Amino acid sequence: MSEQATAVTTELVRYLAAHTAREDDFLVALKTAAAEAGIPPISIAPEQGTMLQILLRSHQARTVLEIGTLAGYSAITMARALPEDGHLHTMEINDAHADFAQSWIKRSDVANRITIHRANAVELVKTFTDNSIDAAFIDADKSPSMLYLEAAKRIVKPGGLILIDNAFAYGQLLDENPSRNKDDVWAIQRFNDHMAADDSLTSVILPTGDGMWIALNAPAR
Ligand code: MG
């Protein structure tokens, strides 16, 4: 840790959350309904939502590719940061999750800006053309993370945004013997090492939520 860095304690994370993001009633209701429907409570944190919106708006992104829809929380959040004619493509392999997300997206204020693609993302990303999208958000199953990253690097325009959730591996990143989701944790550990060594990206992990990689699809200067 550099001398300038402050350790990110639980108290500081709570403070950060309390002093930044606010969810609206719609997103709060979506999360409650998702929990009742048995969807895992692993949507992005509200402060991550705000961070994504700031990044997309400052980048003037018009098109987003999301891998991993889950309940639709992040899709709706990100679509709100796009212009009226912008569009977000989100991929979901689990039909129950896609059904739930579709019903909430339909009722949201950004229904016309979101398309859910129901398929295996590893296959579906192949149908997107090179340099065609402004930003990608990867938040899906962890074992194919490197395949998703390579697809994002091809599909996202040079200098575009590539954002990847769960850099802290559900809080178990530094555990040598993780107690939960071992395979996911190990996949994330390998993925993080890969990201850190990837000179074709300019990237940083930000400690919001479960940690998020923020990368530009361009080498560091
Ligand atoms: Mg996640």
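Further up the page is the structure itself.
Summarise the overall build of the chain; cite the residues concerned and give the values.
Counting secondary structure elements, the chain contains 8 helices and 7 strands. The C-alpha radius of gyration computed for the chain amounts to 17 Å, which stays within 12% of the reference 17 Å derived for 221 residues, consistent with globular compactness. With respect to the principal axes defined by its C-alpha atoms, the chain has extents near 45 × 40 × 35 Å. Across the 221 residues in the chain, those meeting the buried criterion constitute 46%. In the chain, once contacts between residues fewer than 6 apart in sequence are set aside, the share between residues at least 24 apart is 68%. Side chains of the chain give 19 positive and 29 negative charges; the mean places of these two sets differ by 4 Å.

Give me helix α5 (residues 95-107): which residues, what numbers.
In an α-helix, one turn spans 3.6 residues, which is why side chains three or four residues apart end up on the same side. Under the 1.5 Å per step criterion, the end-to-end length of α5 is 19 Å for 13 residues, consistent within 8% with the ideal 18 Å. Looking only at α5, the buried set comprises His97, Ala98, Phe100, Ala101, Trp104 and Ile105. Projected down its long axis, α5 carries its buried residues within an arc of 165 degrees, all on one side. Of the residues in α5, the exposed ones pointing more than 90 degrees away from the buried face are Ala96, Lys106 and Arg107. Structurally, α5 contributes buried residues whose contacts are with α2 (25-36), α4 (73-79), β2 (87-92) and β3 (114-118).

Give me the environment of Tyr148: which residues, what numbers.
By the secondary structure assignment, Tyr148 is in helix α7 (residues 145-155). Sequence-wise, Tyr148 and Ala121 are 27 residues apart; in three dimensions their C-alpha atoms are separated by 7.9 Å. If sequence neighbours within four positions are ignored, Tyr148 has contacts with Ile67, Ala121, Val122, Ile138, Ala140 and Asp141.

Describe the coordination of the magnesium ion, naming the residues involved and giving the relevant values.
Every protein donor of the magnesium ion is accounted for by Asp139 (OD), Asp165 (OD) and Asn166 (OD1), and the metal-donor separations fall at 2.1 to 2.2 Å. Of note, the magnesium ion draws all its donor residues from one chain, in the sequence arrangement D-x25-D-N. The class for Asp165 is buried, based on a relative accessible area of 5%.

I'd like a description of the pairing of β3, backed by residues and values.
As paired elements, β2 and β3 share 5 bridges and run parallel to each other. Pairing of His89 across the sheet is with Thr115, part of β3. Handedness of the β2-α5-β3 crossover: right-handed.

Explain the nonpolar core to me, using residue names and the numbers behind them.
One finds Leu30, Leu56, Phe100, Ile114 and Leu163 to be the most contacted residues of the largest nonpolar core, which totals 36 residues. Of all the secondary-structure elements, those providing two or more residues to this core are α2, α3 (46-58), α4, α5, β3, β4 (133-138), β5 (156-165) and β7 (212-216). Those residues in contact with Leu56, other than ones at most four positions away along the chain, are Ala61, Val64, Met78, Ala81, Ala135 and Leu161. Ala121, Ile138, Ile162 and Leu201 belong to the second-largest nonpolar core, a separate cluster that totals 25 residues.

Before we move on, could you go through the pattern of salt bridges and cite the residues and values that matter?
Should the charged atoms of two oppositely charged side chains come close, the side chains can pair. Per the counting criterion, the structure on display carries 13 salt bridges. For the salt bridge of Arg80 with Asp24, the shortest nitrogen-to-oxygen distance reads 3.0 Å. Note that Arg80 is positioned in the loop between α4 and β2 and Asp24 in the loop between α1 (10-18) and α2, a separation of 56 residues in sequence. On the basis of relative accessibility, which here comes to 25%, the residue Arg80 falls in the partly exposed class. For Lys153, the salt bridge goes to Asp198, with nearest N and O atoms at 2.7 Å. Placement of Lys153 in helix α7 and of Asp198 in the loop between α8 (182-197) and β6 (202-206) is noted, with a sequence separation of 45 residues between them. Both residues of the pair, Lys153 and Asp198, count as buried. Where salt bridges share partners, they join Asp24, Arg80 and Asp109 into one cluster.

Provide a residue-level description of the sheet that holds β6, including the pertinent values.
Spatially, 7 strands are ordered β3-β2-β1-β4-β5-β7-β6 in an open sheet, and the strand pairing comes out mixed. Of all the strands in the sheet, just β3 and β6 have a single pairing partner and so form its edges. Here the strands of the sheet are splayed against their neighbours by 15 degrees on average, with no regard to which way each runs. Bridge count between strand β1 (residues 63-67) and β4: 4 bridges; the pairing is parallel.

Definitions and limits used
Residues numbered from 1 in each chain as written. Predicted model: local features only at pLDDT ≥ 70, side-chain atom pairs only at ≥ 80, totals over all residues. Heavy atoms only, no water. Helix = DSSP H or I, 4+ residues; strand = E, 2+ residues; numbered from the N terminus. Rg over C-alpha atoms; globule rule 2.2 N^0.38 Å. Buried < 20%, exposed > 50% of the residue type's maximum accessible area, 1.4 Å probe, protein only. Contact = heavy atoms within 4.5 Å. Lys, Arg positive; Asp, Glu negative; His and termini not counted. Charge placed at Lys NZ, Arg CZ, Asp CG, Glu CD. Expected span 1.5 Å × (residues − 1). Arc of directions from axis to C-beta. Donors = N, O, S within 2.8 Å, 3.2 Å for Na, K, Ca; no water. Pairing = 2+ DSSP bridges. Right-handed = clockwise from strand over helix to strand, strands pointing away. Core = buried A, V, L, I, M, F, W, Y, C linked by side-chain atoms within 4.5 Å. Salt bridge = Lys/Arg side-chain N within 4 Å of Asp/Glu carboxyl O. Axes fitted to C-alpha atoms, helices over the stretch in contact; angles between N-to-C directions.

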